[in-house]
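# Secondary and tertiary structure notes
Residues per chain are reported as follows:
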Amino acid sequence: MNGDITRSQEWAALGKHHGELAGIRLRELFADDPGRAERMTAAAGDLYLDYSKHRATSETIGLLLALAERAGLRERIAAMFGGEHINVSEDRAVLHVALRMPRETRLVVDGQDVVADVHAVLDKMSAFSGRIRSQEWKGATGRPIETVVNIGIGGSDLGPAMAYEALRDYADAGIAARFVSNIDPADITGALAGLDPATTLFVISSKTFTTLETLTNARVARRWLVDALGEDAVSRHFVAVSTNAAKVAEFGIDTDNMFGFWDWVGGRYSYDGAIGLSLMIAIGPERFREMLAGFHTIDEHFRTAPFEANMPVLMALLGVWYNDFFGAESRAVLPYSQRLHRFPAYLQQLTMESNGKSVRADGTPVTAGTGEIFWGEPGTNGQHAFYQLLHQGTRLVPADFIGFAEPFEDREGMHDQLVANLLAQTSALAFGRTAEEIAGEGTAAEIVPHKVMPGNRPTSTILAPKLTPSTLGQLVALYEHIVFVEGTIWGVDSFDQWGVELGKKMALDLEPALTSAEPPEPSAATLPDPSTERLVRRYR
Ligand code: F6P
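Residues numbered from 1 in each chain as written. Predicted model: local features only at pLDDT ≥ 70, side-chain atom pairs only at ≥ 80, totals over all residues. Heavy atoms only, no water.

Per an unreviewed UniProt entry, the chain goes by Glucose-6-phosphate isomerase and derives from Nonomuraea longispora. In UniProt, the chain has this text filed under Catalytic activity (unreviewed entry): "alpha-D-glucose 6-phosphate = beta-D-fructose 6-phosphate". Per UniProt, the chain carries the Function (unreviewed entry) text "Catalyzes the reversible isomerization of glucose-6-phosphate to fructose-6-phosphate." (UniProt positions renumbered as here; feature names shortened; annotations may be inferred.)

Shown next, in the form of structure tokens:
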């Protein structure tokens, strides 16, 4: 929709409906309609969604679906998959879905078959990964590679780092991966600890190849390697992933050993392409392609399933429901899988860099809250940390619980206990315990209020058979499309990130004030404000 969605009759209808539903409890919704547990579910690929524990009825879903139609979601999906320049502020297509299209498909964008390009890069990555994994590729001293160190930040780090943690069990060639992102020297110091330069390969991952943190860490890594093995060793121990061949060459990496991507892949949408090279080396090209097939399964579901059975659409609309009508400010993502411990951090960039916007794509101010705050930790750790607030606090925090049926290992029934905790939490959050129930257990009257569990706290439960490369791809694609649908409803450009630029520039401008021989004059142009000026003096 062009213009302000909050002025539409669909938005008004939802506002009215919220007034009617806000006082109704999940206990009542289930008592009145026990069939909702069966009905309010969706399936996509291997993912199963139970959304019955939401403060929503069939009427709510109908109204939300009408809002999606009003926002032009159908046309927007077609526009994305068709390669239209929907990233308006950067005048770019948005085609991360092409990164996982099967080889036999064709998608011509701006005169170029992007699927053919994607597979050419995948083939190059596969060949290179194969050489590393088979030990055909040797380091400068003739020894094979044992550790891959990915140096990148944001989308050039979080995706492969998250996925490597999730899929470590599939790292079958004896090659470990480490990840360096922060400009804090502690990060690279920790990553290099215990490594032998002769068996270490650095993958310098940067879409732009201009990012300060990445280039600084890459220089430190280069110095570490050259000090040990000499300048000639660089070509055997450094490769690059980037869209910027000129900058890669300028850094001293042979562009034959560069793996490319395109401006139509946003950084936070890029780990299923060349940015996933470190992951591919660890788990192998076949597993990597299984992951891509998992992504593609959800892409196809998103593109073709009717909205009322469309998992990303339903989850996104429920996000809008809480964000804009209940005033909820955040969404917890709680994977009951230790292997997904970096998943919430990955989602933070995916969702918040995409939809943390306060103007619409046409430059006019938004009139509704945008950009849910995503956060979370794996269960059960979170239960012993912040769940108190989820259960009894004053804030409404909708939560996504993610679990897997089949464990990699099971020790003394621990996996069943893990899943029992997931299910118990969602039930406790939804239904709580009333004062009468607690008093009925013989609790002293003055303690009863402390023990009341208000319930009525909404959750989604996502279950999958097992955490595999495919199911990981499915999960990531699910959230990518949730971002897309929410961005469409809010009318924002989910694919730019201008808000991160100013701070980067100011840090560059400010650095001399910290390092110059003499402290700068308080009036110096490099000191942006009196508070910062005092902090600079304190630091010095
Ligand atoms: O700072 C934001 C950002 O541009 C992200 O969007 C991106 O993923 C990250 O920096 C890293 O950028 P690059 O891959 O160009 O180094």
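Let us keep going from here.
## Quick look at the overall build of the chain
The helix and strand tally for the chain stands at 22 helices and 13 strands. The globule rule puts the C-alpha radius of gyration for 540 residues at 24 Å, and the 25 Å found for the chain is close to it. Expressed as lengths along the three principal axes of its C-alpha atoms, the size of the chain is roughly 75 × 60 × 55 Å. When burial is assessed residue by residue, the chain has 53% of its 540 residues classed as buried. Residue pairs at least 24 apart in sequence account for 74% of intrachain contacts in the chain once pairs closer than 6 positions are excluded. Carbon and sulfur atoms form 52% of the exposed surface of the chain, whose accessible area is close to 22,800 Å². The distance from the centre of the 49 positive side-chain charges to the centre of the 70 negative ones in the chain is 2 Å. (Helix = DSSP H or I, 4+ residues; strand = E, 2+ residues; numbered from the N terminus. Rg over C-alpha atoms; globule rule 2.2 N^0.38 Å. Buried < 20%, exposed > 50% of the residue type's maximum accessible area, 1.4 Å probe, protein only. Contact = heavy atoms within 4.5 Å. Areas by Shrake-Rupley, 256 points an atom, 1.4 Å probe, with all protein chains shown as cover. Lys, Arg positive; Asp, Glu negative; His and termini not counted. Charge placed at Lys NZ, Arg CZ, Asp CG, Glu CD.)

## Regarding the site of the ligand
In the vicinity of the ligand there are 14 residues, among which Ser156, Ser206, Thr208, Thr211 and Glu353 approach most closely. Take lysine 207: an N or O atom from its main chain is 2.7 Å from an oxygen atom of the ligand. Contact between the ligand and threonine 211: an oxygen atom at 2.5 Å from a side-chain N or O atom of the residue. Burial of the ligand by the protein chains amounts to 88% of its free accessible area of 390 Å². When the residues that make up the shell around the ligand are grouped by side-chain class, the tally is two nonpolar, nine polar and three charged. (Near = heavy atom within 4 Å. Polar contact = N/O pair within 3.5 Å; in protein donor to acceptor, adjacent residues only side chain to side chain. Nonpolar A, V, L, I, M, F, W, Y, C, P; charged D, E, K, R; others polar.)

## As for the pairing of strand β6 (residues 176-180)
Both strand β5 (residues 147-151) and β6 contribute to a ladder of five bridges, which runs parallel. Bridge pairing in β6 places isoleucine 151 opposite valine 180. (Pairing = 2+ DSSP bridges.)

## Let's talk about the sheet that holds strand β8 (residues 238-242)
Spatial strand order, β6-β5-β7-β8-β9: five strands in an open sheet with parallel pairing. Strand pairing shows two members of the sheet lacking a second neighbour, β6 and β9 (258-260), which therefore form its edges. Between one strand axis and the next, the sheet turns through 20° on average, direction left out of account. Two strands pair when backbone bridges link them, and strand β7 (residues 200-205) and β8 are joined in this way by four bridges, in the parallel orientation. From the neighbouring strand, isoleucine 204 faces β8, where its bridge partner is alanine 240. Helix-sheet contacts for helix α6 (residues 114-133) involve β7, β8 and β9, and the interaxial angle to β9 is about 145°. On the sheet, helix α9 (residues 212-229) packs against β5, β6, β7 and β8 and is oriented at approximately 160° with respect to β7. (Axes fitted to C-alpha atoms, helices over the stretch in contact; angles between N-to-C directions.)

## Describing the nonpolar core
With 127 residues, the main nonpolar core has Tyr271, Phe343 and Tyr479 as its most contacted residues. The element best represented in this core is helix α20 (residues 469-490), accounting for twelve residues. Among all residues touching tyrosine 479, those that are not within four sequence positions of it are Met315, Arg331, Val333, Phe343, Leu347, Leu350, Phe374, Asp400, Ile402 and Ile462. One finds Leu192, Phe202, Val226 and Ile253 within the second-largest nonpolar core, a separate group that totals 23 residues. (Core = buried A, V, L, I, M, F, W, Y, C linked by side-chain atoms within 4.5 Å.)

## A word on the sheet that holds strand β13 (residues 459-464)
Here six strands make up an open sheet; going across it, the order is β1-β2-β13-β12-β10-β11 and the pairing mixed. Each having just a single partner strand, β1 (41-44) and β11 (373-375) make up the two edges of the open sheet. Strand-to-strand twist across the sheet, computed as the mean angle between neighbouring axes with direction ignored, equals 20°. In terms of strand pairing, strand β2 (residues 47-50) meets β13 through three bridges, oriented antiparallel. Residue pairing for β13: leucine 49 is matched across the bridge by isoleucine 462. Packing against the sheet, α20 makes contact with β1, β2, β10 (330-335), β11, β12 (399-404) and β13, and its axis sits at approximately 165° to β12.

## A closer look at the UniProt feature "active site" (unreviewed entry) in the chain
In the numbering used here, UniProt assigns the "active site" (unreviewed entry) feature to Glu353, His384 and Lys504. Spanning 152 residues, the named residues do not form one spatial group; their C-alpha atoms are separated by as much as 36.6 Å. As for its placement among the helices and strands, histidine 384 is situated in the loop between β11 and α16 (387-392). Following the sequence through the fold, lysine 504 ends up in helix α21 (residues 501-515). Its relative accessible area of 45% is what places lysine 504 among the partly exposed residues.

## Quick word on helix α13 (residues 285-304)
Here α13 is 20 residues long and its end C-alpha atoms lie 28 Å apart, about the 28 Å a rise of 1.5 Å per residue gives. Along α13, the residues that are buried comprise Pro285, Phe288, Met291, Leu292, Gly294, Phe295, His296, Ile298, Asp299, His301 and Phe302. (Expected span 1.5 Å × (residues − 1).)

## So, the side chain of glutamate 480
Tracing the backbone shows glutamate 480 in helix α20. In terms of polar contacts, glutamate 480 uses its side chain to reach the side chain of arginine 100, at 2.6 Å.

## Quick word on the side chain of glutamine 474
Within the secondary structure layout, glutamine 474 lies in helix α20. Owing to a relative accessible area of 1%, glutamine 474 belongs among the buried residues under this scheme. Those residues in contact with glutamine 474, other than ones at most four positions away along the chain, are Ala44, Gly45, Asp46, Leu47, Gly294, Phe295 and Ile298.

## Topic: the environment of histidine 301
For histidine 301, the position within the fold is in helix α13. Residues histidine 301 and phenylalanine 484, 183 residues apart in the sequence, show an inter-C-alpha distance of 14 Å. Filtering out sequence-adjacent residues up to four positions away, histidine 301 remains in contact with Ala43, Ala44, Ala309, Asn310, Met311 and Pro312.

## Quick look at the packing of aromatic side chains
Going through the model one piece at a time under the given rule, you end up with 26 aromatic pairs. Measuring from centroid to centroid gives 6.0 Å for phenylalanine 302 and phenylalanine 484, while their planes differ by 80°, and the two rings are edge-to-face. Linking phenylalanine 302 in helix α13 with phenylalanine 484 in helix α20, this pair joins segments that are 182 residues apart in sequence. With a centroid separation of 5.7 Å and 80° between ring planes, the pair formed by phenylalanine 343 and tyrosine 479 is classed as edge-to-face. On the criterion of sequence distance, the pair formed by phenylalanine 343 in helix α15 (residues 343-355) and tyrosine 479 in helix α20 is long-range, its members being 136 residues apart. Residue phenylalanine 343 shares its accessibility class with tyrosine 479, and that shared class is buried. By way of ring pairs, the aromatic residues Tyr271, Phe295, Phe343, Tyr346, Phe374 and Tyr479 are connected into one cluster. (Phe/Tyr/Trp six-rings, centres within 6.5 Å; stacked < 30°, edge-to-face > 60°.)

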